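# Coordinate inspection notes
Chain by chain, the residues run as shown.
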Amino acid sequence: MSLSLDEVRHIAKLARLELAAGELEATQAKLNGIFSLIEEMQAVNTDGVEPMSHPQELAQRLRPDVVTEADRRAAFQAVAPQTEAGLYLVPKVIE
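Let me begin by describing the structure that accompanies this report. (Residues numbered from 1 in each chain as written. Predicted model: local features only at pLDDT ≥ 70, side-chain atom pairs only at ≥ 80, totals over all residues. Heavy atoms only, no water.)

## A look at the overall build of the chain
Helices and strands together make up the secondary structure of the chain, namely 3 helices and 2 strands. When the helices and strands of the chain are placed in sequence order, the string is α-α-α-β-β. In terms of C-alpha radius of gyration, the chain reaches 28 Å, well past the compact-globule figure of 12 Å for 95 residues. Considered along the principal axes of its C-alpha atoms, the chain spans approximately 65 × 45 × 25 Å. Taking all 95 residues of the chain together, 8% fall into the buried category. Contacts in the chain between residues at least 24 apart in sequence constitute 29% of all its contacts with a sequence separation of at least 6. On the chain, roughly 9,400 Å² of surface is accessible, and the fraction owed to carbon and sulfur atoms is 57%. One way to put it: in the chain the 9 positive side-chain charges average out to a point 11 Å from where the 15 negative ones average out. (Helix = DSSP H or I, 4+ residues; strand = E, 2+ residues; numbered from the N terminus. Rg over C-alpha atoms; globule rule 2.2 N^0.38 Å. Buried < 20%, exposed > 50% of the residue type's maximum accessible area, 1.4 Å probe, protein only. Contact = heavy atoms within 4.5 Å. Areas by Shrake-Rupley, 256 points an atom, 1.4 Å probe, with all protein chains shown as cover. Lys, Arg positive; Asp, Glu negative; His and termini not counted. Charge placed at Lys NZ, Arg CZ, Asp CG, Glu CD.)

## Quick look at the packing of helix α1 (residues 5-14) against helix α2 (residues 21-43)
Remark: α1 packs on α2, axes separated minimally by 10 Å, with the N-to-C direction vectors making an angle of 95 degrees. When the interaxial angle is binned, α1 and α2 end up roughly perpendicular. Only L24, E25, T27, Q28 and L31 of α2 make contact with α1, whose side of the interface consists of L5, V8 and R9. Counted by class, the contact of α1 with α2 contains 4 nonpolar, 2 polar and 2 charged residues. (Axes fitted to C-alpha atoms, helices over the stretch in contact; angles between N-to-C directions. Parallel < 35°, antiparallel > 145°, perpendicular 65-115°, else oblique. Nonpolar A, V, L, I, M, F, W, Y, C, P; charged D, E, K, R; others polar.)

## As for α2
For α2, built from 23 residues, the straight-helix expectation of 33 Å at 1.5 Å per residue is met to within 8% by its first-to-last C-alpha distance of 34 Å. Turning to α2, its buried residues number three or more, namely L24, Q28 and N32. Considering only its buried residues, α2 is in contact with α1. (Expected span 1.5 Å × (residues − 1).)

## A look at unusual backbone geometry
Trans is the common state for peptide bonds, and a negative phi is the common state for residues other than glycine. Unlike most non-glycine residues, R16 shows phi in positive territory, near 60 degrees. Tracing the backbone through its elements, the reader meets R16 in the loop between α1 and α2. Taking relative accessible area as the criterion, R16 reaches 73% and is therefore assigned exposed. Of note in this structure, A85 is not a glycine but carries a positive phi near 55 degrees. Tracing the chain through its elements places A85 in the loop between β1 (83-84) and β2 (87-88).

## Digging into the pattern of salt bridges
For the coordinates displayed, the defined rule picks out 1 salt bridge. Between R9 and D6 there is a salt bridge, with its nearest N and O atoms 2.7 Å apart. Separated by 3 residues within a single helix, R9 and D6 lie in helix α1, roughly one turn from each other. A residue is classified by how much of its surface remains accessible, and R9, at 41% relative accessible area, is partly exposed. (Salt bridge = Lys/Arg side-chain N within 4 Å of Asp/Glu carboxyl O.)

## Details of the environment of H54
If you trace the backbone, H54 turns up in the loop between α2 and α3 (73-78). Its relative accessible area of 38% is what places H54 among the partly exposed residues. At a separation of 3.1 Å, a polar atom in the side chain of H54 contacts the main-chain amide nitrogen of Q56. (Polar contact = N/O pair within 3.5 Å; in protein donor to acceptor, adjacent residues only side chain to side chain.)

See the structure below:
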C-alpha cells in the first residue's frame, strides 16, 4: 500500500499538521516506508507461535506488600473545614 500526496495532505489535516510542499514528499516517503514494513511483518508465517507479553522470560522483582507509612488521616482531617465519619464534606456544586 502506498499513499498519494492527497492522502498525505488529508492525514496531515486530520492530525492538525501544517506541511509545506517540500515536506509532503518527505512525509509521504516516511509513511510509505512504514506501510511497507508493516506489509513485510504481516507476510511472516506465525502459525504455531504463541502470543507473549514480553520477548524475554523475565520475572519482576516484587517488594513485599507491607505498610510503610503511619496512618495520618486524623491529622489531615483536623485542619479540614468539615469532616464526617472519616470523609471530607464539600459544598454541593450541582443542583
